[in-house]
Amino acid sequence: MDLQTCSDEFEKLMFRMNTPGVVIDNAVCPTSTLVNVVSAREHGILLEAVQVLTDLNLSIKKAYISSDGRWFMEVFHVTDLSGNKLADKSVISYMKQSLGSIHYARTSGHDGLTALELTGTDRIGLLSEVFAVLADSECNVVDAKVWTHHRRIASLIYVKDCHSGSQIEDSGRIESIVSRLRPVLNGDNDIRSAKTTVSMSVTHRERRLHQMMYADRDYERTSTAPIKLEPPVVTIQNWTRRGYSVVNIQCKDRTKLLFDVVCTLTDMEYIVFHATINTEGSRAYLEFYIRHTDGTPISSDAEMQRVIQSIQAAIERRDSQGVRLELRTEDRPGLLADITRTFRENGLNVTMAEISTSGNMAFNIFYVTDAEGYPAHPKTIEAVREKIGLSKLKVKELPLACYQKAERNEPGVGVGGAMLLSLVSLVRRNLFNLGLIRSYS
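**Examining unusual backbone geometry**
Keep in mind that most residues, glycine aside, have a negative phi and that most peptide bonds are trans. Its identity as a non-glycine residue notwithstanding, Asn57 has a phi of 60°, on the positive side. Residue position: Asn57 is located in the loop between helix 2 (45-55) and strand 3 (59-68). Phi is positive for Glu138, which is not a glycine, with a value near 60°. Along the chain, the position of Glu138 falls in the loop between helix 4 (126-136) and strand 6 (139-149).

**Quick word on the confidence of the model for the protein**
In low-pLDDT segments, the atomic positions of the prediction should not be examined closely. On average, residues of the protein score 85 in pLDDT, and 83% of them reach the 70 mark or higher. Predicted confidence for residues 12-16 stays below pLDDT 50, and this span has 1 contact to residues more than four positions away or in other chains. Scored below 50 in pLDDT, residues 400-441 shows 35 contacts in the model against residues more than four places distant or in partner chains.

**Side note on the sheet that holds strand 4 (residues 71-79)**
Pairing between the strands of a sheet is mediated by backbone hydrogen bonds and can be parallel or antiparallel. Here we have 8 strands laid out as an open sheet, ordered 1-2-4-3-11-12-10-9, and antiparallel in their pairing. Each edge of the sheet is formed by a strand with only one pairing partner; in this case those strands are strand 1 (21-25) and strand 9 (233-239). For this sheet, the mean angle separating the axes of adjacent strands, direction not counted, is 15°. Two strands pair when backbone bridges link them, and strand 10 (residues 244-252) and strand 12 (residues 283-292) are joined in this way by 8 bridges, in the antiparallel orientation. Its bridge partner being in strand 12, Asn248 is matched across the sheet by Glu287. Contacting strand 2 (33-40), strand 3, strand 4 and strand 11 (270-280), helix 2 runs over the sheet at an angle of about 20° to strand 4.

**A closer look at the sheet that holds strand 16 (residues 393-397)**
One open sheet accounts for 8 strands, arranged 8-5-7-6-14-15-13-16; its pairing is antiparallel. Each edge of the open sheet carries a strand with a single partner, namely strand 8 (195-199) and strand 16. Each strand of the sheet is rotated relative to its neighbour by a mean of 20°, with strand direction disregarded. Taken together, the 10 bridges between strand 14 (residues 348-358) and strand 15 (residues 361-370) define a ladder with antiparallel strand orientation. Directly across from Leu348, in strand 15, lies its bridge partner Asp370. On top of the sheet, helix 6 (residues 205-215) reaches strand 5 (114-121), strand 6 and strand 7 (152-161); it is set at about 135° to strand 7, its chief contact.

Parameters and conventions
- Residues numbered from 1 in each chain as written.
- Predicted model: local features only at pLDDT ≥ 70, side-chain atom pairs only at ≥ 80, totals over all residues.
- Heavy atoms only, no water.
- Helix = DSSP H or I, 4+ residues; strand = E, 2+ residues; numbered from the N terminus.
- pLDDT = per-residue confidence, 0-100.
- Contact = heavy atoms within 4.5 Å.
- Pairing = 2+ DSSP bridges.
- Axes fitted to C-alpha atoms, helices over the stretch in contact; angles between N-to-C directions.

The following block contains the structure:
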C-alpha cells in the first residue's frame, strides 16, 4: 500500500471517528420523538447539538446527557411547538444531517451584510433613535434581534446600503455610523459606557446576545420591573468525592430553555459531563454535573454565586414582558424608524424585538410595555394599530390578566390622589412627546 493510499484511509478513519452517530426514532416513546447523538467529547459539543434542535423550534421535553471517557452521549425527547411528535420527513432529515455535522464550522447566514453590536442603557424611545440614525445614514435593516434585561439592552443589527443593496465596506462611513450611535446608547448618569462595534463574528446570534449581556454584567443588577415574575430557583453543591459541581434548576418551562442554560455554562468555560432534564406540565427541572475546562469543580462561594446569578439572568433575558405585536408589511427604507417612533409617541417601550425580511416583505415582532413597565393598555395598542394600519400590525398576545392584576396590586390613593397622579402622568407624557425629557417613567 503506497503512502497516498494510507493517507486516504487515515482521513476516512478520522472522518468516521469525528462524525457523530445520530439515530432518530418515533416508535420508542408514545408522546415524543427520540433523538440519540453519540460523538467524541469536546468542549461545546452539547451546545451545538441543543442549538440545532432549538433552531428548528423544537421543544425538548426530556434529555439525558452522559460522557464516558472520550465519548459523549445525548438523548433528547422532542416535540414540535404544538406538543406533537415529528412527522415531517424533511425536518427529520435536515435534523439528522445537521446533528451529524456539528463538529464542523458553520456560517452565520448573514454574508453580504454589515453586523452592528449595540449595548447600553435601556430607556423608552431608544430603539426609535437607533433606527432613525440608521435610516439617516442610508442603512437598510435586514435582520435584527433586541433583548433587554435589568435596564440594559443588547442588540445585533444586520444592515446593508440602501442604494446598492450591498454590504457597507467603507471604513469612514462605518466609523461615522458608530460615532452617531454611541451617544444615543449612553444613559443618564450611567457609569458604564455604551458599546457600539462592527462584528466580524460568525457566532450564533442568540449565543452572541447572551455573551454581550454577560460581558455587560447585567446579572449583577436588580430588576426594576413593576411586575415581578417568578425567579428561577438555582442551587449549586459540590460533590467533592466525585469532583463535580452539581447545578440544580427549577423554573417555568419554555422553548429554548436548555439552550440558554447550556450556552451560559459553556461560555463561562464549564464542561457538562452529565445532565438530566425533565418537564412536568409547565415546570422544568434541570440537573447538571459540571467542571471547569481544567477538570476542577467550582472552588469558592463567590464563584458559585456568580454562576447562580448568570444562569438566572440567562433564563430571564428571554422572559419577554408586555404585549406581543406582529408587523407584516412591505419593506421600505426608514420603516423601522417610523414604526418605533409611533411606539415612542404613544408611550410604549420595546422590551424585545425580532426583525426579519424576506424579499420585499418585512416581518417584525415587538414586545411592548407602557413607560412604567406594565403591559400596555388595550386603548393605547389600538391607537398605535390605527396609526400604523390595522391589517399590518396585529396583536398576538395581550396579557389582560397581568394588566388587571397590576391595577389590583396598586395601593389605594383616594380620589384626590388619583387625580394628582393622572395630572402628573399627563404632564410628563407631554414633556416627553415634546422632547424635553428622555422618559416620563
